[in-house]
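Residue strings, one per chain:
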Amino acid sequence: MNTPTLFIEAVSFWAPGLPGWDIAAAAFRGEGGATSAAQARPAPELLAPIQRRRAPDTVVLALEVASCAVAHAGLLACQLPSVFVSAHGDLAITDDMCKTLAEAPALMSPTRFHNSVHNAAAGYWTMATGCMRASTALTAFERSFAAGLLEAATQCAADDVPVLLVAYDIEARGALQSVTRSRGLLATALVLAPRRSGRSVAAVDWRLQPGPAIACPLRSAAARALADNAMADALPLLESLAHRRKETLSMPLSAHLSLNVEVMPL
């Protein structure tokens, strides 16, 4: 299948100890490590102070990396279609709601329920930015990052417009730890564009490939420290962008299909 070359206009990143793409990229190159004064979670300026305190981890993660990526791309958030991808959504709220339903269902919080839906982060983003463009929220369990990248690339190519991709996951809590693997916080965002600009950081050729993906070993200690997060499939691409190397990555979409991405630094 022939697909058009797309361009990455901006990259952003947040994890505890790696609060921003410049710090993370240096760590992925082996030029530094996590900062000593690690924040527990980001505090996106898009939200009012009271909202920052009350918003769940998934929302503040997604809004932090989304706003940074859009700013670095020099675009207006209100004009960008978006794809928000998370393997599990807000595991902390899901665990809390399950315990409440089991022990005292009459005490279920409407606010907690509101924040539990999988498109909560996308909703906060569109309301905070006044964006009326299409917004997609999706999950593909352990293969979510590749599915989100494929969705964003398809929209970018088909509609001939830049698209914002936001990928994030948090730590499993309570009983959910026995059925799903996710540790720590991790979020990244990319702005994909159909044409090169003066801000483009890499060109990307992408195609579907029959068969399972070929595993991409992580190069850096910083990336390996994040490998237990459910969105860890994003890390090989981020390391490639940090090293500014031309290479082809294989990302799993299913047991019988992969997404091949050739990264060409500009």
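Being a predicted model, the structure only gives us computed values, none of them experimental. (Residues numbered from 1 in each chain as written. Predicted model: local features only at pLDDT ≥ 70, side-chain atom pairs only at ≥ 80, totals over all residues. Heavy atoms only, no water.)

Asker: Can you help me understand helix H6 (residues 120-129) in this one?
Answerer: Side chains of residues three or four places apart in an α-helix project in the same direction, reflecting 3.6 residues per turn. A large share of H6 lies buried, amounting to seven of its ten residues. By the burial criterion, the buried members of H6 are Ala120, Ala121, Ala122, Tyr124, Trp125, Thr126 and Thr129. Contact partners of the buried residues in H6: helix H3 (57-73), strand E2 (82-85), helix H5 (110-116), strand E3 (135-138) and strand E4 (163-169). With its phi angle positive at about 70°, glycine 130 sits one or two positions after the end of H6. (Buried < 20%, exposed > 50% of the residue type's maximum accessible area, 1.4 Å probe, protein only. Helix = DSSP H or I, 4+ residues; strand = E, 2+ residues; numbered from the N terminus. Contact = heavy atoms within 4.5 Å.)

Asker: I'm lost on the packing of aromatic side chains in this one. Help?
Answerer: Each aromatic ring pair is summarised here by two numbers: the centre-to-centre distance and the angle between the ring planes. By the definition in use, this model includes two aromatic pairs. When the centroid spacing of 5.6 Å and the interplanar angle of 80° are considered together, the rings of phenylalanine 13 and phenylalanine 28 count as edge-to-face. Here the residue phenylalanine 13 occupies a position in strand E1 (residues 6-14), and phenylalanine 28 occupies one in helix H1 (residues 21-28), the gap between them amounting to 15 residues. According to the relative accessible area criterion, phenylalanine 13 is buried, its value standing at 3%. Owing to a relative accessible area of 1%, phenylalanine 28 belongs among the buried residues under this scheme. Aromatic rings pair up to connect Phe13, Trp21 and Phe28 into one cluster. (Phe/Tyr/Trp six-rings, centres within 6.5 Å; stacked < 30°, edge-to-face > 60°.)

Asker: Even after reading the chapter, I still don't get the sheet that holds E4, so can you show me in this structure?
Answerer: Neighbouring strands of a sheet are bound in pairs by backbone hydrogen bonds; such pairs are parallel or else antiparallel. Pairing is mixed in the open sheet, where eight strands are placed in the order E3-E2-E4-E5-E1-E6-E8-E7. Looking at the sheet topology across the chains shown, the edges are occupied by E3 and strand E7 (247-254). Pairwise comparison of adjacent strand axes, ignoring direction, gives a mean angle of 25° for this sheet. Bridge count for E4 against strand E5 (residues 186-193) is seven bridges, and the pairing is antiparallel. The residue bridging alanine 167 from the neighbouring strand is threonine 188, located in E5. Along the sheet face, H3 touches E1, E2, E4 and E5 and points at about 135° away from the line of E1. Where helix H7 (residues 144-159) meets the sheet, its contacts fall on E1, E2, E3, E4, E5, strand E6 (202-210), E7 and strand E8 (257-265), and the angle it forms with E4 comes to roughly 170°. (Pairing = 2+ DSSP bridges. Axes fitted to C-alpha atoms, helices over the stretch in contact; angles between N-to-C directions.)

Asker: Is there a simple way to explain the side chain of serine 250 in this structure?
Answerer: Tracing the backbone through its elements, the reader meets serine 250 in strand E7. Relative accessible area serves as the criterion here: at 14%, serine 250 is assigned to the buried category. Polar contacts involving the side chain of serine 250 include one to the main-chain amide nitrogen of isoleucine 214, which spans 3.0 Å. (Polar contact = N/O pair within 3.5 Å; in protein donor to acceptor, adjacent residues only side chain to side chain.)

Asker: Even after reading the chapter, I still don't get the state of the cysteines, so can you show me in this structure?
Answerer: Counted according to the given criterion, the structure contains zero disulfides. You can see cysteine 68 has no disulfide; the closest cysteine sulfur is in cysteine 131, sitting 17 Å from it. Cysteine 78 carries a free sulfur, and the closest cysteine sulfur to it, the one in cysteine 131, is 6.7 Å from it. (Disulfide = S-S within 2.5 Å.)

Asker: Can you help me understand the pairing of E4 in this one?
Answerer: For a regular strand, the rule is simple: side chains alternate between the two faces of the sheet. With seven of seven residues buried, E4 lies mostly within the body of the structure. Neither face of E4 is exposed, since Val163, Leu165, Ala167 and Asp169 on one face and Leu164, Val166 and Tyr168 on the opposite face are all buried. Note: E2 against E4, four bridges, orientation parallel. For serine 82, the partnering residue across the bridge sits in E4 and is leucine 164.

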